[in-house]
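Spelled out, the chains give:
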Protein chains: 2
Amino acid sequence: MFESAELGHKVDKETFEEQEPQLRKDLLDAQFDLAEAGDFSVIIVIAGVDGGGRGETINTLNAWMDPRHIETNGLALPSDEEAARPPMWRFWRRLPPNGKIGIFFGSWYTLPILDRAYGRTSDADLDQSIEEIDRFERMLTDEGVLLLKFWFHLPKKAQRRRLKRLEGDPKTRWRVSKTDWERFGMYDRFREISGHALRLTSTAHAPWTVVEATDARYRHLSVGRTILEVLRRRLSQTGERRRRPLPYPVLPRLPDLDGERLVERLDLTQKLSRKDYRGELERWQGRLNRLARSRKFAKRALVAVFEGQDAAGKGGAIRRVTAALDARFYRIVPVAAPSDEERAHPYLWRFWRHVPGHGLVVIFDRSWYGRVLVERVEKLTGEAAWMRAYAEINDFEDQLDRSGIVLAKFWLTIDRDEQLKRFKEREKHHFKRFKITPDDWRNREKWDAYDDAVCDMVDRTSTGIAPWTLVEANDKYFARIKVLKTLVRRLDEAL
Amino acid sequence: MFESAELGHKVDKETFEEQEPQLRKDLLDAQFDLAEAGDFSVIIVIAGVDGGGRGETINTLNAWMDPRHIETNGLALPSDEEAARPPMWRFWRRLPPNGKIGIFFGSWYTLPILDRAYGRTSDADLDQSIEEIDRFERMLTDEGVLLLKFWFHLPKKAQRRRLKRLEGDPKTRWRVSKTDWERFGMYDRFREISGHALRLTSTAHAPWTVVEATDARYRHLSVGRTILEVLRRRLSQTGERRRRPLPYPVLPRLPDLDGERLVERLDLTQKLSRKDYRGELERWQGRLNRLARSRKFAKRALVAVFEGQDAAGKGGAIRRVTAALDARFYRIVPVAAPSDEERAHPYLWRFWRHVPGHGLVVIFDRSWYGRVLVERVEKLTGEAAWMRAYAEINDFEDQLDRSGIVLAKFWLTIDRDEQLKRFKEREKHHFKRFKITPDDWRNREKWDAYDDAVCDMVDRTSTGIAPWTLVEANDKYFARIKVLKTLVRRLDEAL
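Keep in mind that this is a model prediction, so the values were computed, not measured.

Caption draft 1: Representation of the overall build of chain A. For chain A, the count of helices and strands is 21 helices and ten strands. Out of the 495 residues belonging to chain A, those deemed buried represent 36%. Across chain A, every contact between residues at least 6 apart in sequence was considered, and the portion connecting residues at least 24 apart equals 83%.

Right, here's the structure in full:
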């Protein structure tokens, strides 16, 4: 992994001064074109050994390019808002919007490598982290992000020399800490672990560039030229190939042999009398209230997702849930059209923003499943994009789960006749809040396509940590109680 | 202040049950209309004594209305990200967007009143806080926010009774803490201090509604009906009167008697030789670098604002500043058209988002002064709005200053000939990054109007804590050194 970066690469002053002005101008032009195009973003990860001059090169890149369109993220310890959420949240919130460059000094690689080196985690833990990283980066590049990763390497002797030199100069002494020497003592261990991590994460869509860091001029030029070259190539593409250049192999989906479908097996005749409903409502709301106020929940959080056909009663069910909660500790996120800031980021960014901290409940009224439901059925998103969404969603939910967030997902289902009845009722009563739009009527014609999408969604995303609950909703009372009961059970199991 | 709220107001069960369904329906309709209109937001502050049932009423409001379009903020202690910024930052970040309702349980009143009651601050401090609150609320309502403030009052006896009752019931015992009794012991003191605060902040645009809190039904109904009534009245307006209903008296502005203008007094012939520039650049960049790395700066922050005519050299000056800084610790905010999320909030929201935490530098390339420069000259904003912006800006900068942020503001100025020369140069060289647009030529014709705007801006916003530095920028070298020098001096004085 590091052999080519121990050859003593250097660039003499003359060559550097000859090449720098043109490189600078070209980088500025490419950056300008990126801003003009505005249809993808660039992420540059600068990682590597201590004393490798990462900060220096990042400063040079900012000097060469237009720093107004670069966001440099020097990540130190997580803030308490970050510590209360899944580890990737702090990176998601810093993803640059389209047209911009985000530089990460301190990235999703830092902690897994450090933790393994200090023996806080096992080889298996490291490999698990690496797999997660791999999927995260795959998601980024699938979403059109141009991801560049540089690893600054110093041969052992060179690192010692460098640390000594920095220490010897009163102007740079502050840059060398005790930790730097401590880590230098672990040089071989770090080399082995990072070598392993780099090997497994040097993928076709996001390969590492290992840079010998001994000579600053060589380092700056290597990084600068790589960025320029990759950026130019990407910019030379047009249309969809520029926005999302990766081809995505999609396996053909075959209908089930006997045509039996999960959603059609639900017993929609189940119901509750008004009297039973009253009693059950009080009972389950009371239990939910106590669970949400419990000491244990104060260190956890709940994310509940509501999906369902038009008029299936999502709103009513949600209100029966929130009625059991303290308004200070929940937030409902109604998912409608994305804002322009949301549109300029990878798809899941607009949901990551709402991931709750400790002790909080977030309810999504429609959710990230829009991609595999309405966007699939209405053909708003290409097949490749919604096909890969299943895996991205599972990753997302997996991260929520591992950070202690309890997940509950509800699909409220009614049959065609019940929907027609509810539509007509709404029309008759002219409730302006529940206006039936031509869209609602059109959606009815796609009932079968929605059924297909729902079956696929459940098959592919109903996991042990985040199971789907299919709610028979022809009877509103029955549906609401089933939702409350399920929430109570999910919390009960988790706490 | 509280007399009318000690009369033993109550509503019997029958009356409540008779009125509730209609109120509920009307509130939902009004809330729906608010979302449809989407041109203003509603903020509801629920404050008052402990045990006054604030949480309960907030829950009731959420049950009555559609909680999907309400954001309830239960503010406890500031997070560390909040603690590292001006106190109002945590409220700004929670302001609801247009079309939504934000409820604040725990507001900008909480801390000033508590601090005074516990003797941590003086009467004068309290009055200063009150004045700030007053200006903040004035800004909100000027920006079109519908601001409703409720104070839940309990006569002393009623408060004792209520705390005892809560304590007596095992189901509600958890709601009464030692602090509640401690504060009850200070009842008279709290009454006096909050009475004072309420009196001074019961303004025409944001009056308090004091509600006797003894009886829950009375409390819920009073609050619900007030919200409904105020919201309906506002919604019955149309166009500009709905968006921003307040008339704003604008005094006529008279030109100075002798027509002498500050900006014309600048000596634009000042210059530096290339050789002197090199030396000075190294010297001041070095000092700036050391200051930004100093231990003292780690507890402070720097906000630098760059404004100037087209082609005055803002970008070049900014790059000479950032070249002296570590890219991990600065962020440049280029101010262009607001995003749709920004447009849905009060004007200054999009700048508050970028207020730095400790140890950081934020550079604004154009800024909140756009309102009194381009928006004024191009008539994008009415006179009332930009006239009040001066005071709002001074408030904003005052808050930055008091939280330890050092402010520096630069107006880079060139004369007409110099601008023409630079425009022509750019055209000749076809630098695509510095394309001259028809806008640039048009702006030239408004030179005098801009001069007026700049003079007013400097006269009204050059304060002791945030002085303007007018930078003679016909000579780029001279301008850049003046900028660097000024930054060093500002930091030197502050640290």
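Caption draft 2: Fine view of the sheet that holds strand 4 (residues 146-153) of chain A. Residue and element names in this part refer to chain A. Spatial strand order, 2-3-1-4-5: five strands in an open sheet with parallel pairing. Two strands close off the open sheet at either side, each with one partner strand: strand 2 (70-74) and strand 5 (208-212). In this sheet, adjacent strand axes meet at a mean angle of 20 degrees when their direction is disregarded. In this structure, strand 2 lies alongside strand 3 (residues 101-105), joined through five bridges in parallel fashion. Across the sheet, Thr72 pairs through a bridge with Ile103, a residue of strand 3.

Caption draft 3: Inspection of the interface of chain A and chain B at higher detail. Contacts between the two partners involve 33 residues from chain A and, on the opposite side, 33 residues from chain B. If one sorts the elements of the side of chain A that touches chain B by residue count, helix 2 (residues 54-64) of chain A sits on top with five residues. A breakdown of the residues in the side of chain A that touches chain B according to their chemical character gives eleven nonpolar, eight polar and 14 charged.

Caption draft 4: The arrangement of unusual backbone geometry in detail. Residue and element names in this part refer to chain A. Even without being a glycine, Ala311 presents a positive backbone phi close to 70 degrees. Relative to the helices and strands, Ala311 resides in the loop between strand 6 (301-308) and helix 13 (314-322). A positive phi angle, close to 70 degrees, is found at Arg366, a residue other than glycine. Secondary-structure assignment places Arg366 in the loop between strand 8 (361-365) and helix 16 (374-377).

Caption draft 5: How the structure looks around the relation of the copies chain A and chain B. If you rotate chain A by 180 degrees and push it 0.0 Å along the axis, it lands on chain B with an RMSD of 0.1 Å. Expressed as a symmetry operation, the mapping of one chain copy onto the other fits a two-fold axis. Comparing interface residues between copies, 100% of those in chain A also sit at the interface in chain B, which points to an isologous, same-surface contact.

Caption draft 6: Structural context of the domain arrangement of chain A. Residues and elements named next belong to chain A. One can read the domain layout of chain A as domain 1 (3-243) and domain 2 (262-494). Contact residues are listed per partner, giving 16 residues for domain 1 and 17 residues for domain 2. At the level of secondary structure, the elements contributing two or more residues to the side of domain 1 that touches domain 2 comprise helix 4 (89-92) and helix 6 (123-142). Among the elements that line the side of domain 1 that touches domain 2, the one with the most residues is helix 6, at four residues. Considered class by class, the residues forming the side of domain 1 that touches domain 2 number ten nonpolar, one polar and five charged.

Caption draft 7: Examining the packing of helix 13 of chain A against helix 21 (residues 476-494) of chain A more closely. All names here are of chain A. Orientation of helix 13 relative to helix 21, taken along the N-to-C sense of each, is 45 degrees, at an axis distance of 9 Å. Considering their axes alone, helix 13 and helix 21 lie oblique with respect to each other. Along this stretch, helix 13 crosses helix 21, giving a crossing that reads as right-handed. Listed contacts from helix 21 to Gly316, Ala317, Arg320 and Val321 of helix 13 are Lys476, Ala479, Arg480, Val483, Leu484 and Leu487. Of the residues belonging to the contact of helix 13 with helix 21, the class tally is six nonpolar, one polar and three charged.

Caption draft 8: Layout of the sheet that holds strand 8 (residues 361-365) of chain B. All names here are of chain B. The five strands are arranged 7-8-6-9-10 in an open sheet whose pairing can be described as parallel. Of all the strands in the sheet, the pair left with one neighbour each is strand 7 (330-334) and strand 10 (468-472). For this sheet, the mean angle separating the axes of adjacent strands, direction not counted, is 20 degrees. On top of the sheet, helix 17 (residues 383-402) reaches strand 6 (301-308) and strand 9 (405-413); it is set at about 135 degrees to strand 9, its chief contact.

Caption draft 9: Quick look at helix 9 (residues 187-201) of chain A. All names here are of chain A. For helix 9, spanning 15 residues, the distance from its first C-alpha to its last is 21 Å, which sits close to the expected 21 Å at 1.5 Å a residue. All buried positions along helix 9 are accounted for by Ser194, Ala197 and Leu198. The arc enclosing the buried residues of helix 9, seen along the axis, measures out at 100 degrees, which places them on a common side. In helix 9, the exposed positions that point more than 90 degrees away from the buried face belong to Asp188 and Arg199. Buried-residue contacts for helix 9 involve helix 5 (110-117), helix 6, strand 4 and strand 5.

Caption draft 10: Looking closely at the packing of helix 7 (residues 156-168) of chain A against helix 8 (residues 178-185) of chain A. Residues and elements named next belong to chain A. Axis separation between helix 7 and helix 8 bottoms out at 11 Å; the angle between their running directions is 165 degrees. Judged by the angle between their axes, helix 7 and helix 8 are roughly antiparallel. Every pair of crossing elements has a handedness; the one defined by helix 7 and helix 8 is left-handed. Along its contact with helix 7, which presents Gln159, Arg160 and Leu163, the element helix 8 presents Asp180, Trp181 and Phe184. Split into classes, the residues belonging to the contact of helix 7 with helix 8 amount to three nonpolar, one polar and two charged.

Caption draft 11: Quick peek at the nonpolar core. Judged by nonpolar contacts, the single largest core of 212 residues is most densely connected at Val321(A) and Val321(B). Not counting residues up to four positions away in its chain, the partners in contact with Val321(A) are Ala304(A), Ile363(A), Val483(A), Leu484(A) and Leu487(A).

Caption draft 12: Quick peek at helix 12 (residues 274-293) of chain B. All names here are of chain B. For helix 12, spanning 20 residues, the distance from its first C-alpha to its last is 28 Å, which sits close to the expected 28 Å at 1.5 Å a residue. Regarding helix 12, the residues found buried are Trp284, Leu288, Leu291 and Ala292. Burial along helix 12 is one-sided: seen end-on, the buried residues are contained in an arc of 90 degrees. Looking at helix 12, the residues exposed on the side facing more than 90 degrees away from the buried face are Lys275, Arg278, Gly279 and Glu282.

Caption draft 13: Layout of the environment of Asp39(B). Residues and elements named next belong to chain B. Looking at where Asp39 falls in the secondary structure, it is placed in the loop between helix 1 (13-37) and strand 1 (42-48). A residue is classified by how many C-beta atoms lie within 10 Å of it, and Asp39, with 15 of them, is partly exposed. It is 9.8 Å that separates the C-alpha atoms of Asp39 and His345, two residues lying 306 residues apart in sequence. Non-local contacts of Asp39, meaning those with residues more than four positions away in its chain, are made with Asn98, Arg242 and Arg243.

Caption draft 14: The confidence of the model for chain A, seen in detail. Per-residue confidence for chain A gives a mean pLDDT of 92; residues scoring 70 or more make up 98%. Across the interface, the model reports ipTM at 0.87; the global pTM reads 0.89.

Procedures and definitions
- All residue numbers here refer to positions counted from 1 along the written sequence of the relevant chain.
- Just so you know, chain letters begin at A and ligand numbers begin at 1, following the order they were written in.
- Reporting of local features is limited, given that this is a predicted model, to residues whose pLDDT is at least 70; pairs of side-chain atoms are given and counted only at 80 or more, and all residues count toward the totals for whole chains, interfaces and linings.
- Every helix listed is a DSSP run of H or I at least four residues long, and every strand listed is a run of E at least two residues long, numbered separately from the N terminus.
- To sort residues by burial, count the other C-beta atoms lying within 10 Å of each one's C-beta; a count of 20 or more means buried, 12 or fewer means exposed, and anything in between means partly exposed. C-beta atoms are built from the backbone.
- Here the contact rule is simple: place C-beta atoms from the backbone, and any two residues whose C-beta atoms are within 7 Å are in contact.
- A pair of strands counts as paired when DSSP detects no fewer than two bridges linking them.
- Note on method: axes are straight lines fitted to C-alpha atoms, helices fitted across the in-contact stretch only, with angles between N-to-C directions ranging 0 to 180 degrees.
- Under this grouping Gly is polar, as are all residues other than the nonpolar Ala, Val, Leu, Ile, Met, Phe, Trp, Tyr, Cys and Pro and the charged Asp, Glu, Lys and Arg.
- To line up the copies, we fit them by least squares on C-alpha atoms, keeping just the residues with pLDDT of at least 70 in both.
- For each domain, the first and last residues come from an automatic or database assignment.
- Geometric relationships in this document are graded by angle, where less than 35 degrees denotes roughly parallel, more than 145 denotes roughly antiparallel, 65 to 115 denotes roughly perpendicular, and other angles denote oblique.
- Left-handed describes a crossing whose near helix is turned anticlockwise from the far helix by less than a right angle; the clockwise case is right-handed.
- The span expected for a helix works out to 1.5 Å for each residue beyond the first.
- In this description, one arc is meant: the one made by directions from the helix axis to the C-beta atoms.
- Note on definitions: a nonpolar core is a set of buried residues drawn from Ala, Val, Leu, Ile, Met, Phe, Trp, Tyr and Cys, linked by C-beta atoms within 7 Å.
- pLDDT expresses, on a scale from 0 to 100, how confident the predictor is about each individual residue.

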